[in-house]
Structure formats: structure tokens, C-alpha cells
Amino acid sequence: MADMRRDLSAFRVSEAWPRRAERCCKVLAKLAQINIELAPSTNEKRENSNAHVVDFVEVTIPRYSTYEFKSHFRMLPEAFDVLQAWIEPHLPQERGFSNRTKLLATLWLLANKDRDISQTNRSEADRFAMNKGSLHRCVMLICRTLVANQGEVIQ
């Protein structure tokens, strides 16, 4: 402990300290300037922001075995086909995502609720080639449609 106090007192008294601090500040300023010059512009960030999982709905999901499909969506593929056929007439025709994609994304999100929803939206949106807002709108649309038409199924 005494050695440490001696070292600290030497450090405070040292005349070299102001010069070192000044050099350190200059280096940090230069690094900050280099970092600003190397940082991508906002346009470059937007260009690269469309990197999503490619063909997940069209290629990957059809390759799932029955067991894999059920583990991810909590229903058999045949049950999903029945649900899709039932819900499609009730969904509005919109541009953008297919009704199949909307339904799969909603079921994936609802079936995998082991984690907090705010932490999982980004990864699920990316998986279905959506942004977080689109995923939210899809989930809300599908859930509202299910609730509005539940009387046809639940007696």
C-alpha cells in the first residue's frame, strides 16, 4: 500500500503529466476525426438495411419436416393449410406480403413467446424479410381477423 501511495504521489508531481495528457487528447481527437471520416453516410446505411433472410418462406419452410414445422409453428402443416384457407377470405387484399407470409410470421411470433416480445421482433422480422413495423402490422391484422371471426369456429 505504501508503494502505491509513493507511485501515485510521483505521478501527481511529475512534470511530464500535462504534456502526456495533451498528447493523449490530440490522439483521441485524431481518432475521432478518422472515425467520422470512415463512418458510412446515412444513405449507405439505408442501402445495406435490406439484408434479410433470403427465401425463408418460399424455400426453407417448405423443406421443414412435419416435426420441425410443428416445433416452430405449434401446428401440423395440414392444420396450417386449413387455417390459411379459412382466414384468407377474411383478410383484405393488400400489396406487399402474401397472406401466407403474414400468417406464418404471426404464428412464429406467437408460438415462440419464450422470450420477451420486444427482444425478438427484430430477429423474427428479419427472418420473414420485414421490418419491425411491418411485422407488428401483420400480427395485429391476423389477430384482429381471428378475433373478429371466431364465432364461425368457436361455438
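Note that the coordinates shown come from a computational prediction; the quantities given were computed from them, not determined experimentally.

### Considering helix α6 (residues 77-87)
Residues spaced three or four apart along an α-helix face the same direction, because each turn holds 3.6 residues.
Logical step 1: For α6, every residue scored as buried is listed here: Pro77, Phe80, Leu83, Gln84 and Ile87. Looking straight down α6, one finds its buried side chains confined to an arc of 115°; they lie on one side. Exposed positions of α6 whose direction lies more than 90 degrees from the buried face are Val82 and Ala85.
Logical step 2: Here the buried face of α6 lies against α5 (66-73), α7 (99-111) and α9 (132-148).

### Let's talk about the environment of Gly96
Logical step 1: You can see Gly96 is positioned in the loop between α6 and α7.
Logical step 2: Relative accessible area serves as the criterion here: at 72%, Gly96 is assigned to the exposed category.
Logical step 3: Along the sequence, Gly96 and Ser134 sit 38 residues apart, while their C-alpha atoms lie 9.6 Å from each other.

### Description of the confidence of the model for the protein chain
One rule of thumb: low pLDDT means the predicted coordinates there are not for detailed reading.
Logical step 1: Confidence in the prediction of the protein chain, expressed as mean pLDDT, is 76, and 62% of residues score 70 or more.
Logical step 2: By mean pLDDT, the top-scoring element of the protein chain is α6 (93), and the lowest-scoring one is helix α1 (residues 2-13) (50).

### Points about unusual backbone geometry
Logical step 1: One non-glycine residue with positive phi stands out, namely Asp55, at about 55°.
Logical step 2: In this structure, Asp55 sits in the loop between α3 (42-48) and α4 (56-63).

### Side note on the pattern of salt bridges
Logical step 1: Tallied over the entire structure, the rule returns one salt bridge.
Logical step 2: Linking Lys102 and Glu94 is a salt bridge whose minimum nitrogen-to-oxygen distance equals 2.7 Å.
Logical step 3: Judged by relative accessible area, Glu94 falls into the partly exposed class, the value being 45%.

### Let's talk about the packing of α6 against α7
Logical step 1: Put simply, α6 and α7 touch, their axes get as near as 11 Å, and they point 125° apart. By the angle between their directions, the pair α6 and α7 is classed as oblique. Helix-helix and strand crossings are classified by hand; for α6 and α7 the assignment is right-handed. Between α6 and α7, the contacting residues are Phe80, Asp81, Leu83, Gln84 and Ile87 on the first element and Arg100, Leu103, Leu104 and Leu107 on the second.

Rules behind the numbers
Residue indices follow the written sequence of each chain, beginning from 1 at its first position. Side-chain atom pairs in this predicted model are given and counted only at pLDDT of 80 or more, local residue features only at pLDDT of at least 70, and totals for whole chains, interfaces and linings cover all residues. The basis for the side-chain values is all heavy atoms of the structure; hydrogens and waters are excluded. Buried means the residue's accessible area, taken with a 1.4 Å probe over protein chains only, is under 20% of the maximum for its type, while exposed means over 50%, and partly exposed covers the values in between. Only DSSP runs of H or I covering at least 4 residues are called helices, and only runs of E covering at least 2 are called strands; the numbering of each starts at the N terminus. Think of it as the arc spanned by the lines of direction from the helix axis to the C-beta atoms. By definition, residues are in contact when any of their heavy atoms lie within 4.5 Å. Residue-level confidence of the predictor, termed pLDDT, takes values from 0 up to 100. Salt bridge, as used here, is a side-chain nitrogen of Lys or Arg placed within 4 Å of a carboxyl oxygen of Asp or Glu. Axis geometry follows a simple rule: fit a line to the C-alpha atoms, using only the stretch in contact for helices, then measure angles between N-to-C directions, giving values from 0 to 180 degrees. Angles below 35 degrees are treated as roughly parallel, those above 145 as roughly antiparallel, those between 65 and 115 as roughly perpendicular, and all remaining angles as oblique. Definitions for this section: a left-handed crossing has its near helix turned counterclockwise from the far helix by less than a right angle. A right-handed crossing has that turn clockwise.

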